Amino acid sequence: MSSQSSPHHVLVLNCGSSSLKFAILDATTSEEIISGLAERLGSSSPSVKYKYLGKKQLIELAPNQAHSAAIDTLVSLINEHHLAENLIAVGHRVVHGGEHFTKSVLIDDDVIKGITQAATLAPLHGHANLLGIAAAQASFKGLPQVAVFDTAFHQTMGNVAYLYALPYKLYTDYGVRRYGFHGTSHYYVAGQTAVLLNQPIEQSNFISAHLGNGCSVCAIKNGKSVDTSMGLTPLEGLMMGTRSGDIDPGLFNFLTTQLNYDAQQIDDLLNQQSGLLGISELSNDCRTIEEAAVAGNEKAILALEMFCYRLAKQIAAFMVPLQRLDALIFTGGIGENSDIIRDKVITQLSYLGLDCDSTANLAARFGTQGVISSNNAKTKAVVMPTNEEWVIALDAASIAQEL
């Protein structure tokens, strides 16, 4: 497909187990044409919220309707607003690509097979991704469908970083290893930070901290991921909104033998009841916890201190593969907006040559990017808003234009 003056729009789909996030982006300008979220799919009250031409709208779906109905509603919106004529591709965020996929690919039967195999490693995400792909293929038959993988960026990790110290056949026979996630975000912010600092990405050593309800850190050496904090699943690593992060695996035996927990209860405990929510006993929302901490709530204070301590400790550990650090990058909802957490983390890492300019740090929020360290800092601290949808749109457009 040759380059033309007409817009090159890409429909980006991010399909969860009970939700569908969507957007149409212009792959040449990054302009957002329409965006929205279908949520509570399969429940008694599913709905679609969307924004078009600056106006927010809400569509109630019939009870128990799920992904196919959400896609049908999206198709109706696209047709109603005459948005189909400039569409050149559909880009799908796929959470787990296993070892099959090291880059974005055009979806065909073999790719579906590979995604299906990887779905056993992340069943909630993987099966939802497959539902979204199937629904989009049925509704947008003339458009190339492209899969963009959360795990692909981390496929440059070496085996000393990605293997667990378990019997080796668990890796060879079942794919049990560390994969990492948030790869699209880490890739994007690293590239943007290299531009901001005016240095080639191929010669840049960064540590990227993606901090939202899910949190991960990535060590990026000469532009490539060499280690990351998440593992086989998104549960490993940092303390998160509702996830515990690293724990002693012996906890499983204690919970089953002493407290009679079953596997599902343990999974729910570690993924839904822990992290900031578990310690604060208030919320998984960092803003709520910060407000309570300022008001003197001791558990909120403890939750923030634990979060920052564990984050700083993980960042420090990634100096082993990097040896030299050009910049520490904060991104994600917490990373982009919490001046309190950024300051606490940077203060604990001052020995790495980091410092925090209070004025710049306070100003960095609500989608702004910039350096928040002083001019004298040996190592830069940077706030860089992520834009995973833009990466997906670019990759999908690039693959579509090669057809």
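You'll find the protein chain entered in an unreviewed UniProt entry as Acetate kinase, with Pseudoalteromonas neustonica given as the organism. In UniProt, the protein chain has this text filed under Pathway (unreviewed entry): "Metabolic intermediate biosynthesis; acetyl-CoA biosynthesis; acetyl-CoA from acetate: step 1/2."

Undergrad: Outline the UniProt feature "active site" (unreviewed entry) in the protein chain, supporting the account with residue identities and numerical values.
TA: When the UniProt feature table is mapped to this numbering, "active site" (unreviewed entry) covers Asp 150. Looking at the secondary structure, you find Asp 150 in the loop between β8 (145–149) and α4 (159–162). Among all residues touching Asp 150, those that are not within four sequence positions of it are Arg 93, Val 94, Val 95, Gly 180, Phe 181, His 182, Gly 183, Thr 184 and Glu 388. Among the polar contacts listed, one links the side chain of Asp 150 to the side chain of Arg 93, at a separation of 2.6 Å.

Undergrad: Describe the UniProt feature "site: Transition state stabilizer" (unreviewed entry) in the protein chain, naming the residues involved and giving the relevant values.
TA: The positions that UniProt labels "site: Transition state stabilizer" (unreviewed entry) are, in the present scheme, His 182 and Arg 243. Counting through the fold element by element, His 182 comes out in the loop between α5 (168–174) and α6 (183–196). According to the relative accessible area criterion, His 182 is buried, its value standing at 10%. Excluding residues within four positions of it along the chain, His 182 makes contact with Asp 150, His 154, His 210, Gly 214, Cys 215, Ser 216 and Met 230.

Undergrad: Give a description of the packing of helix α7 (residues 250–258) against helix α8 (residues 263–272) that names residues and reports values.
TA: The interhelical angle for the contact between α7 and α8, taken along N-to-C directions, is 125°, at an axis separation of 10 Å. On the basis of their axis angle, the class for α7 and α8 is oblique. Between α7 and α8 lies a crossing whose hand is right-handed. Across from Leu 251, Phe 252, Leu 255 and Thr 256 in α7, the residues of α8 making contact are Ile 266, Leu 269 and Leu 270.

Undergrad: Any chance you could break down the side chain of Gln 145 for me, citing the residues and the numbers?
TA: Note that Gln 145 resides in strand β8. A distance of 2.6 Å separates polar atoms of two side chains, one belonging to Gln 145 and the other to His 92. Looking at Gln 145, its side chain comes within polar contact range of the main-chain oxygen of Phe 140, at 3.4 Å. The residues contacting Gln 145, other than those within four sequence positions of it, are Val 90, His 92, Val 105, Leu 106, Ile 107, Ala 136, Gln 137 and Phe 140.

Undergrad: Go over the pattern of salt bridges, please, and point to the residues and values.
TA: Where charged atoms of side chains with opposite charge meet at close range, the side chains can pair. In total, this model carries 12 salt bridges according to the counting rule given. Note that Asp 285 is salt-bridged to Arg 287, the shortest N-O span being 2.8 Å. On the basis of relative accessibility, which here comes to 61%, the residue Arg 287 falls in the exposed class. In this structure, the salt-bridge partner of Asp 339 is Arg 365, at a minimum N-O distance of 2.4 Å. Separated by 26 residues along the polypeptide, Asp 339 in helix α14 (residues 339–348) and Arg 365 in the loop between α15 (358–363) and β13 (370–371) bring together distant segments of the chain. By relative accessible area, Asp 339 is classed as buried at 15%. Residues joined in a network through salt bridges with shared partners are Glu 39, Arg 40 and Lys 49.

Undergrad: Any details on the packing of aromatic side chains? Residues and values, ideally.
TA: Per the counting criterion, the structure on display carries 4 aromatic pairs. Seen in terms of ring centroids, Phe 101 and Phe 149 are 4.4 Å apart; in terms of plane orientation they differ by 5°. Their pairing is stacked. Residue Phe 101 is found in the loop between β6 (87–94) and β7 (105–106), and its partner Phe 149 is found in strand β8; the two are separated by 48 residues along the sequence. Exposure remark for Phe 101: the relative accessible area of 9% places this residue in the buried category. With 5.9 Å between their ring centres and 65° between their planes, Phe 153 and Tyr 187 make a pair best called edge-to-face. Highlighted residues: Phe 153 in the loop between β8 and α4 and Tyr 187 in helix α6, separated in sequence by 34 residues. Tyr 187 sits in the partly exposed class, given a relative accessible area of 48%. When the ring centre of Tyr 162 is taken as origin, the NZ or CZ atom of Arg 177, which lies over that ring, is 3.8 Å away. Above the ring of Tyr 179, the side-chain terminus of Arg 177 is found at 4.7 Å from the ring centroid.

Cut-off values and rules
As a convention, each chain's residues are numbered from 1 in the sequence order in which they are written. Local features are withheld for residues below a pLDDT of 70 in this predicted model, meaning they are given only at 70 or higher, and side-chain atom pairs are given and counted only at 80 or more; totals for whole chains, interfaces and linings count all residues. Water and hydrogen atoms play no part in the side-chain values, which are based on all heavy atoms of the structure. UniProt positions are given in the numbering used here, feature names are shortened, and annotations may be inferred rather than shown by experiment. Per the convention used, a helix needs a DSSP run of H or I reaching at least four residues, while a strand needs a run of E reaching at least two, with both numbered from the N terminus. We call two residues in contact whenever any of their non-hydrogen atoms come within 4.5 Å of each other. Within 3.5 Å is the distance limit for a polar contact, defined as a pair of N or O atoms, with the added protein rule that one can donate a hydrogen and the other accept it, and that residues adjacent in sequence qualify only through two side-chain atoms. Exposure classes here rest on a 1.4 Å probe applied to the protein chains alone. A residue is buried below 20% of its type maximum, exposed above 50%, and partly exposed in between. The angle between two axes is taken between their N-to-C directions and runs from 0 to 180 degrees, where each axis is a line fitted to C-alpha atoms and a helix contributes only its stretch in contact. Roughly parallel means an angle under 35 degrees; roughly antiparallel means over 145; roughly perpendicular covers 65 to 115; every other angle is labelled oblique. By convention, the crossing between two helices is left-handed when the near helix turns anticlockwise from the far helix through less than a right angle, and right-handed when the turn is clockwise. Any carboxyl oxygen of Asp or Glu that lies within 4 Å of a side-chain nitrogen of Lys or Arg is treated as forming a salt bridge with it. Between 30 and 60 degrees the pair is tilted, below 30 it is stacked and above 60 it is edge-to-face, where a pair is any two Phe, Tyr or Trp rings, Trp via its six-membered ring, whose centres lie within 6.5 Å. As a reminder, the over-ring test applies to NZ of lysine and CZ of arginine, requiring each to be within 6 Å of the ring centre and within 35 degrees of the ring normal.

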